[in-house]
2 protein chains.
Amino acid sequence: MYYLGIDLGGTNIATAVVNEQYEIMGRGKLKTRCPRPADEIADDIAAACRMALEEAGLSLLDVEGVGAGIPGTVNKATGIIEYSNNLGFDQVPLQKMLEERLGCGKVYLENDANAAAYGELLAGAGKGCENMIAITLGTGVGSGIIVDGKIISGVNFAGGELGHTVIVKDGVLCTCGRRGCWESYASATGLIRLTKEAMEAHPDSKMWELAGSLDQVNGRTAFDAMRAGDPVGTQVAHDYMDYVACGLVNCINIFQPDIICIGGGISKEGETLLAPIRKYVEAERYSKHSAVQTQLKTAVLGNDAGIIGAAFLKKLYD
Amino acid sequence: MYYLGIDLGGTNIATAVVNEQYEIMGRGKLKTRCPRPADEIADDIAAACRMALEEAGLSLLDVEGVGAGIPGTVNKATGIIEYSNNLGFDQVPLQKMLEERLGCGKVYLENDANAAAYGELLAGAGKGCENMIAITLGTGVGSGIIVDGKIISGVNFAGGELGHTVIVKDGVLCTCGRRGCWESYASATGLIRLTKEAMEAHPDSKMWELAGSLDQVNGRTAFDAMRAGDPVGTQVAHDYMDYVACGLVNCINIFQPDIICIGGGISKEGETLLAPIRKYVEAERYSKHSAVQTQLKTAVLGNDAGIIGAAFLKKLYD
C-alpha cells in the first residue's frame with residue numbers, strides 16, 4: 001500500500017506518494033499564494049495530491065493513509081487549524097475540507113515541525129528509535145519531540161516549542177514576545193545577528209571580505225571565516241555553537257532521548273558544528289553517571305522529512 | 001486491597017500503607033543513617049514497611065503493590081539504583097534487595113521527584129488529569145513530568161530534570177556543574193542568595209530587622225518584608241517570582257500540560273506567589289491563541305505525595 005503526504009508551507013504546497021519502504025513514488029507541487037481564502041488553498045492541496053498520484057501512476061484507492069503537516073496550531077481532536085501566522089489561518093476546519101475534496105476517509109493533520117520529526121524518526125536519523133527530538137536550525141528554531149513513539153504536543157496541541165524556552169533571561173527580543181528565547185540565539189537569524197555585531201565591532205575581520213557587506217551576511221559567513229583562520233569569525237562561530245549546545249543540554253536534561261537530530265540550513269556544517277557541541281554536551285549533561293547517553297546526529301531527509309512524516313501520521317493512531 | 005509506599009530520603013525512611021481511596025492506614029519511619037552499607041538500609045526499609053503494616057493491622061497478604069521513591073537515578077529496567085548522591089549509592093540492586101526482604105513479588109522503584117508528581121496526579125492537585133508537571137521549590141528545584149499518565153524519564157532514566165535547564169546563560173554556578181540553571185534562581189537556596197545580596201546592598205532594608213542577621217535569612221524573609229511594605233524585600237520577592245515564572249513558561253511552551261503543581265517550602269506562600277506568576281505566564285506563554293491553557297496550582301499532599309505515588313507505581317505498568 002501507499003501513503004500520501006502533504007507539506008503545507010507559507011510558500012509552497014508540496015505533496016508526495018510514499019511507499020512502505022519510505023520511498024517517494026510521485027510528487028506534486030503548487031504555490032500556496034497566501035493570503036487567500038482557505039477554501040482555495042484546500043482546492044490546490046487536493047490538486048497537488050492528484051498530481052503526485054498521477055506521477056506515481058496510482059489512484060486514491062491505492063492509498064492507505066493521508067496526512068498533512070501544517071505551520072501552526074493543529075487541534076488534532078477537532079481537525080481545526082486554530083491559528084497559523086504563516087497561512088493567515090484562524091479556526092480553519094482543514095481536516096474536513098480536505099476529506100471532502102479527496103473523498104478518501106480520514107485525513108490526519110499535525111504541526112509541520114512535529115510531522116518532520118516523525119519523518120526523521122521513521123525513515124531518517126531516528127530510524128529504529130522511539131525517543132527523539134528533532135531540532136531545525138533555520139529562520140527560527142523548530143522542534144518536534146517524540147517520546148515512546150508518540151508526538152508531544154500538550155493538551156492544547158501548542159506544545160513542543162523548545163525554541164521558545166528562555167536561555168538568556170532578559171536577553172534579545174524574540175518574535176514570540178519573550179526575551180532571550182533559544183530561537184533568538186540558535187537560529188540562522190540569531191547567527192546572522194551575532195555575525196553582524198562582530199563585524200561592526202571589528203572592521204578588520206575577514207568576514208567583511210567574505211560577505212561583501214553587512215546586508216549579504218548569511219549563516220555561513222562566520223563558519224567560512226573560521227575555516228579561513230579569522231579569529232573574529234572563529235569567536236562568533238564558537239559563541240553561536242555555545243548557544244546551540246546550551247539549549248541542547250536543556251533538552252537532554254529534560255528528555256534524555258535516544259537521539260537529537262539537527263536539521264535546517266546550519267546543520268549542513270555537519271561535524272564542524274556537531275564536534276564542538278558534543279564536547280560541550282558531554283561536559284554539561286546531568287546524566288554523567290548513565291551508561292546510555294543521547295546521541296547527536298544531523299537530519300538526513302531534508303525537506304522530505306515533513307512529507308514522509310505526514311504521510312504516515314495514521315500509524316500514530318492505529 | 002492496599003498499597004505499600006516507601007519514601008527513601010537522605011535523612012528518613014518513611015513508609016505507609018494506603019487504601020484505594022488514597023487514605024493512609026498506617027505509617028512507619030526509621031532514620032536512613034547514611035552513609036552505611038545498602039544492605040543495612042534495605043533491612044531498615046523492610047522493617048519500616050512492617051511497622052506501617054502493623055499500625056494498619058494488615059499483613060503483606062493484603063498488599064496489592066509495593067513501590068519506593070529514591071533520590072537518584074533509578075534504572076527501571078534492571079531495578080538498580082545507578083547513582084544517588086544523597087544515599088551514597090552506586091549501582092545498588094535495590095529492587096532485588098527489597099523483594100528478597102519483603103517476599104511480596106515485584107517492588108516498583110522510581111525517582112523520588114517522579115513518585116511525588118505521580119502522587120499529586122493520582123490523589124492531589126492533579127486528580128483527574130493525565131498531563132501534569134510537578135515542581136518543588138525547595139533546597140533545589142525538583143520536577144516530575146507526566147504525559148498521558150506516564151512518567152517521562154528518558155532512555156537512561158535520568159531525565160525530567162527541569163531544574164537543570166539553563167535560563168541565565170553564564171549565570172550562577174549550579175550544584176550540577178552548569179551555570180545559570182533554573183534551580184540556582186528558583187530554589188529556596190536561590191531566593192536566600194538573592195535576599196542576602198539585597199540586604200548587603202541595602203543596610204537600611206527592613207529585612208535586617210526581620211531576619212536578625214544574614215545567617216538567619218530564610219525563604220520567608222523577602223516575602224515577609226514585602227508584606228511589611230519594605231521596597232527592597234518587595235523587589236527581591238518580585239525578582240524571585242520572575243525567575244520562577246520564566247522557567248514555568250519554558251515548561252508550558254514545551255509540554256502544555258493540564259496543570260503545573262507547585263510544591264516545596266516556598267509554595268506555602270500560596271496566592272502571594274501564584275498570582276504574580278500567573279500574570280507573567282499569561283503574558284509570555286506561546287499558546288496565546290489556545291482555548292485550553294495550563295493551570296497553576298499549589299501541591300496539596302505535602303510529604304505524603306511521594307509515599308502515595310510510590311505505593312501506586314504498579315498501576316503505571318498494569
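Use the structure listed above.
Residues numbered from 1 in each chain as written. Chains lettered and ligands numbered in written order. Predicted model: local features only at pLDDT ≥ 70, side-chain atom pairs only at ≥ 80, totals over all residues. Heavy atoms only, no water.

Caption draft 1: Up close: the pattern of salt bridges. Residues and elements named next belong to chain A. Inspection of every chain in the model, using the stated rule, returns 32 salt bridges over all chains. Between aspartate 304 and arginine 27 there is a salt bridge, and its shortest N-O distance comes to 2.9 Å. Note that aspartate 304 is positioned in helix α10 (residues 304–311) and arginine 27 in strand β3 (residues 24–31), a separation of 277 residues in sequence. Lysine 169 serves as the salt-bridge partner of aspartate 170, at 3.5 Å between the closest nitrogen and oxygen. Salt bridges sharing common partners tie together Arg36, Glu40 and Asp44. (Salt bridge = Lys/Arg side-chain N within 4 Å of Asp/Glu carboxyl O. Helix = DSSP H or I, 4+ residues; strand = E, 2+ residues; numbered from the N terminus.)

Caption draft 2: Representation of the pairing of strand β7 (residues 89–92) of chain A in the model. The pairing of strand β6 (residues 80–84) of chain A with β7(A) spans three bridges and is antiparallel. Each bridged residue has a counterpart across the sheet, and for Ile81(A) the counterpart in β7(A) is Val92(A). (Pairing = 2+ DSSP bridges.)

Caption draft 3: Looking closely at the relation of the copies chain A and chain B. With an RMSD of 0.0 Å, chain A superimposes on chain B once it is rotated by 180° and translated 0.0 Å along the axis. These values place the two chain copies in the arrangement generated by a two-fold rotation axis. Relative to the rotation axis, the C-alpha of Ile167(A) is the closest in chain A, positioned 2.1 Å from it. Mapped onto chain B, 100% of the interface residues of chain A are again interface residues, and the two copies thus contact each other with one and the same surface. (Least-squares fit on C-alpha atoms with pLDDT ≥ 70 in both. Contact = heavy atoms within 4.5 Å.)

Caption draft 4: Up close: the packing of helix α1 (residues 38–56) of chain B against helix α2 (residues 94–102) of chain B. All names here are of chain B. Interaxial distance between α1 and α2 falls to 10 Å at its minimum, and their mutual angle equals 50°. Compared by their axis directions, α1 and α2 come out oblique. In this structure, α1 meets α2 at a crossing whose hand is right-handed. Of α2, the residues touching α1 (which contributes Ala38, Asp39, Ala42, Asp43, Ile45, Ala46, Cys49 and Arg50) are Leu94, Met97, Leu98, Arg101 and Leu102. (Axes fitted to C-alpha atoms, helices over the stretch in contact; angles between N-to-C directions. Parallel < 35°, antiparallel > 145°, perpendicular 65-115°, else oblique. Left-handed = near helix turned anticlockwise from the far one by under 90°.)

Caption draft 5: Local environment of the interface of chain A and chain B. With 43 residues of chain A in contact, the opposing surface of chain B contributes 44 residues. In this assembly, chain A packs against chain B so that about 3,800 Å² is buried in total across both faces, 58% of it on carbon and sulfur atoms. Three residues, Lys169(A), Arg178(A) and Ile254(A), lead the burial of chain A against chain B; their summed loss comes to 19% of the area buried on that side. In this structure, the connection of chain A to chain B is made through four salt bridges. Note that Asp242(A) is salt-bridged to Lys169(B), the shortest N-O span being 3.3 Å. (Buried area = accessible area lost by both parts, 1.4 Å probe.)

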